[in-house]
Amino acid sequence: MPKILIVDDQYGIRVLLKEILHKDGYEVFQAANGMQALELAEKEKPDLVLLDMKIPGMDGIEILRRLKEKDQSIRVVMMTAYGELSMIQDAKSLGALTHIANPFDIEELRESIKEYLPSS
């Protein structure tokens, strides 16, 4: 079962995504902040990380940077409500696969997950 790590400071978004993705057949882990994200990524070795760009304390760019330092092959899709071009460009230059605008379309999210999950 593919593993997905959701990193978002908004509880409601994490719960909604976990419920949807669990029903789609994924094992889902949640992190509310950068430290939790880094610890879970190290422990669970997710196949894909859905990472919010704006998280208090350690923002998505810093989390992405640290995830990539530990494992260059980790697959990360950024989620952002802000659409700030420079942040999206920074994320892609650090190795993010793509970004999804939040509020996101569930079907678009599902398609991105299928596209970017490593083939079994």
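Student: How would you explain the pairing of strand β5 (residues 98-101) if you had to name every residue and give the values?
Tutor: A regular strand places its side chains on the two faces of the sheet in alternate fashion. Only one face of β5 is buried, namely the one carrying T98 and I100, since none of H99 and A101 on the opposite face is buried. Where strand β4 (residues 76-80) and β5 come together, four bridges link them in parallel fashion. When the sheet's bridge partners are listed, T80 is paired in β5 with A101.

Student: So what's going on with the side chain of R14? Residues and values would help.
Tutor: Take R14: it is sitting in helix α1 (residues 11-23). There is a polar contact of 3.4 Å between the side chain of R14 and the side chain of Q30. The contacts of R14, once residues within four sequence positions are left out, are I6, D8, D9, Q30, A31 and A32.

Student: Which residues make up the nonpolar core, and what are the values?
Tutor: Grouped together as the largest cluster of nonpolar side chains are 24 residues, with contacts concentrated most on V7 and L51. When sequence neighbours within four positions are dropped, the list of residues in contact with V7 reads A31, N33, A37, V49, L50, L51, D52, I55, I63 and M79. The next biggest cluster of nonpolar side chains, apart from the first, holds 17 residues, and it includes I6, I13, L17 and L109.

Student: Describe the pairing of strand β3 (residues 48-52), with residues and values.
Tutor: Of all five residues making up β3, five are buried, and the element is well covered by its neighbours. Here β3 shows two buried faces, one formed by L48, L50 and D52 and the other by V49 and L51. In the sheet, strand β1 (residues 3-7) pairs with β3 via four bridges, with the strands oriented parallel. When the bridges of β3 are listed, L5 appears paired with V49. Inspection of the sheet shows β3 paired to β4 by four bridges, in the parallel sense.

What counts, and at which threshold
- Residues numbered from 1 in each chain as written.
- Predicted model: local features only at pLDDT ≥ 70, side-chain atom pairs only at ≥ 80, totals over all residues.
- Heavy atoms only, no water.
- Buried < 20%, exposed > 50% of the residue type's maximum accessible area, 1.4 Å probe, protein only.
- Helix = DSSP H or I, 4+ residues; strand = E, 2+ residues; numbered from the N terminus.
- Pairing = 2+ DSSP bridges.
- Polar contact = N/O pair within 3.5 Å; in protein donor to acceptor, adjacent residues only side chain to side chain.
- Contact = heavy atoms within 4.5 Å.
- Core = buried A, V, L, I, M, F, W, Y, C linked by side-chain atoms within 4.5 Å.

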